[in-house]
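What the coordinates show
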Amino acid sequence: MAMDVRKRKNGEKEDLASDDRNAKSSEKARPAPHPERSRRRRCSKLLTVLFLLLFVPIASLLGIKYYRDGLLARRQEAALHCLGNEGLFLFSSLDSDNDMFLSPDEFRTIAEKLTGISPPSEFEEEWGPDENGETLTVVAKFQPLVMETMTKSKDGFLGVSHRSLSGLRDWKSPASPSRVYSASQFRAFLPPKNKLEVGETWWLIPSELNIFTGYLSNNRYHPPAPRGKEVLIHSLLSMFHPRPFVKTRFAPQGAVACVRAISDYYYDIVFRIHAEFQLNDVPDFPFWFSPGQFTGNIVLSRDSSHVREFRLHVPNNRSLNVDMEWLYGASESSNMEVDIGYLPQMELEATAPSIPSFIHDEEGNVIDSLDANGEPIQFVFEEIEWLSQITREEASRRLEVTLYPFKKVSYHPFSEAFDRAKAENKLVHSLLLWGALDDQSC
């Protein structure tokens with residue numbers, strides 16, 4: 001019996017040893033994993049990690065955006081319920097960042113309107129005459145309004161007070177037929193540093209009108225003191241009449257400009273100005289004379305030391321080009337009469353390129369500006385070679401679009417519209433107007 005137990009134990013030991021040998025043999029016989037398969041597994045794990053790293057932030061951002069959009073939609077719905085359509089429109093026009101909250105900066109415009117207190121404007125540089133620089137002479141040409149073109153003339157101005165039209169009837173010639181300017185004063189027309197490319201527009205005189213300011217008072221006689229670039233524009237327009245208003249009562253207000261051409265030394269700049277005149281003075285009631293537009297161009301050196309050309313005029317290619325309005329009482333709520341008419345000529349032009357005030361010889365000495373025969377010395381100016389340019393028509397169109405955004409849509413004469421619509425398979429939208437829609441003579 002004892003012998004059998006020992007045999008069984010020995011046998012169990014032998015079995016265990018045999019199992020160990022078989023296991024080791026099995027391990028030796030198992031093939032090693034393929035390197036490509038291992039690399040793929042590692043790449044798969046890496047891609048999974050990267051996917052999670054990218055997906056989680058994106059999903060979080062999308063979730064946040066969805067939440068914010070929903071919150072904004074609920075706020076808009078609540079605002080519409082509380083304020084109504086007009087109130088929401090007013091609120092949205094103030095809310096520049098569209099977050100449905102008004103910051104102090106966003107509320108500033110309406111606060112100034114409600115209180116009547118405006119912050120002091122930023123200092124704007126003014127350029128006076130340069131005594132040692134070049135000068136040019138500008139002449140004014142003016143033909144008075146053709147009274148027969150006014151609608152009130154059809155009934156002999158029946159019911160119109162003679163004194164109401166006194167300022168208009170007495171305006172027969174320019175206030176200043178000619179004036180000498182320093183070339184450096186025209187620096188006001190130079191483009192800002194970020195608008196140096198051909199075709200780019202900028203505001204010479206920015207508009208100050210918006211949805212809250214509405215329009216400026218009609219019951220005024222004398223313009224505010226000009227500042228900055230307004231000084232030159234005011235001086236030029238005062239050659240026609242002593243009371244020009246550089247900023248009109250209604251939009252579009254101000255002046256815009258565009259670089260039409262560039263050379264190594266010169267700019268050719270096209271500009272458009274919206275201004276008006278007050279023709280009456282106390283005790284007569286105000287009479288506003290608003291030309292459709294002033295347009296023109298200036299060719300000047302990049303450092304504004306020399307002006308080659310300058311011209312400013314009221315276009316006269318339309319049958320009506322001036323709007324007129326006058327009050328029948330001393331208060332803002334008094335009745336106002338409105339009419340429209342035709343102005344044949346209102347123009348400023350430089351008689352010649354600017355020339356030095358003093359002529360120096362090669363040694364720097366001042367010499368006489370007259371030759372031996374007593375005639376002024378004649379200057380010869382080089383021909384300008386433009387490196388880049390657009391047409392005058394294209395530059396004017398860009399000014400129009402800046403002043404009137406609706407001009408981004410092309411408008412065509414009635415006779416051409418149907419052929420164009422047929423060619424493009426489009427409908428025709430027709431507008432019938434008394435006067436122009438794209439200037440002040442409407």
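Quick note: structure is the one above.
Residues numbered from 1 in each chain as written. Predicted model: local features only at pLDDT ≥ 70, side-chain atom pairs only at ≥ 80, totals over all residues. Heavy atoms only, no water.

Here we come to the pairing of strand β11 (residues 322-327). Most of β11 sits out of view: six of its six residues are buried. The alternating pattern of β11 places Val322, Met324 and Trp326 on one face and Asp323, Glu325 and Leu327 on the opposite face, and all of these are buried. Of the pairings in the sheet, the one linking strand β8 (residues 287-291) to β11 comprises five bridges and is antiparallel in character. Residue pairing in the sheet places Phe287 in a bridge with Trp326 of β11. Pairing of β11 with strand β12 (residues 336-341) involves six bridges; the strand directions are antiparallel. Within the sheet, the bridge partner assigned to Trp326 lies in β12 and is Glu337. (Buried < 20%, exposed > 50% of the residue type's maximum accessible area, 1.4 Å probe, protein only. Helix = DSSP H or I, 4+ residues; strand = E, 2+ residues; numbered from the N terminus. Pairing = 2+ DSSP bridges.)

Quick look at the sheet that holds β12 now. Spatially, the five strands line up as an open sheet ordered β4-β7-β8-β11-β12, and their pairing is antiparallel. Two strands close off the open sheet at either side, each with one partner strand: β4 (244-245) and β12.

For the rest of this paragraph, the subject is the packing of aromatic side chains. The relative placement of two aromatic rings is captured by the distance of their centres and the angle of their planes. Under the counting rule described, the total for this entry stands at 17 aromatic pairs. With a centroid separation of 6.4 Å and 25° between ring planes, the pair formed by Phe240 and Phe294 is classed as stacked. You can see Phe240 sitting in the loop between α5 (230-237) and β4 and its partner Phe294 sitting in strand β9 (residues 294-301), a full 54 residues away along the chain. An aromatic cluster is defined as three or more aromatic residues linked by ring pairs; in this entry it consists of Phe142, Trp171, Phe240, Phe277, Phe289 and Phe294. Note that Arg169 overlies the ring of Phe157, its terminal NZ or CZ placed 5.2 Å from the centroid. (Phe/Tyr/Trp six-rings, centres within 6.5 Å; stacked < 30°, edge-to-face > 60°. Lys NZ or Arg CZ within 6 Å of the ring centre and 35° of its normal.)

A few words now on the pattern of salt bridges. In a structure, side chains of opposite charge can pair up when their charged atoms sit close to one another. A full pass over the atoms with the stated rule returns 21 salt bridges. Linking Asp281 and Arg243 is a salt bridge whose minimum nitrogen-to-oxygen distance equals 3.9 Å. Here Arg243 lies in the loop between α5 and β4 and Asp281 lies in the loop between β7 (276-278) and β8, a separation of 38 residues in the sequence. Accessibility expressed as a relative area gives 13% for Arg243, which makes it buried. Sharing partners across several salt bridges, the network here consists of Arg318, Glu400, Lys407, Asp438 and Asp439. (Salt bridge = Lys/Arg side-chain N within 4 Å of Asp/Glu carboxyl O.)

As a further point, take the side chain of Glu276. With respect to the helices and strands, Glu276 occurs in strand β7. Classification of Glu276 by relative accessible area gives buried; the value is 2%. Those residues in contact with Glu276, other than ones at most four positions away along the chain, are Arg243, Pro244, Phe245, Lys247, Thr248, Arg249, Trp288, Phe289, Ser290 and Pro291. (Contact = heavy atoms within 4.5 Å.)

Examined against the element boundaries, Arg272 turns out to sit in strand β6 (residues 266-274). No salt bridge is formed by the buried Arg272, whose closest oppositely charged neighbour, Glu400, lies at an N-O distance of 4.1 Å. (Lys, Arg positive; Asp, Glu negative; His and termini not counted.)

What is shown is where atoms sit, not what they do.
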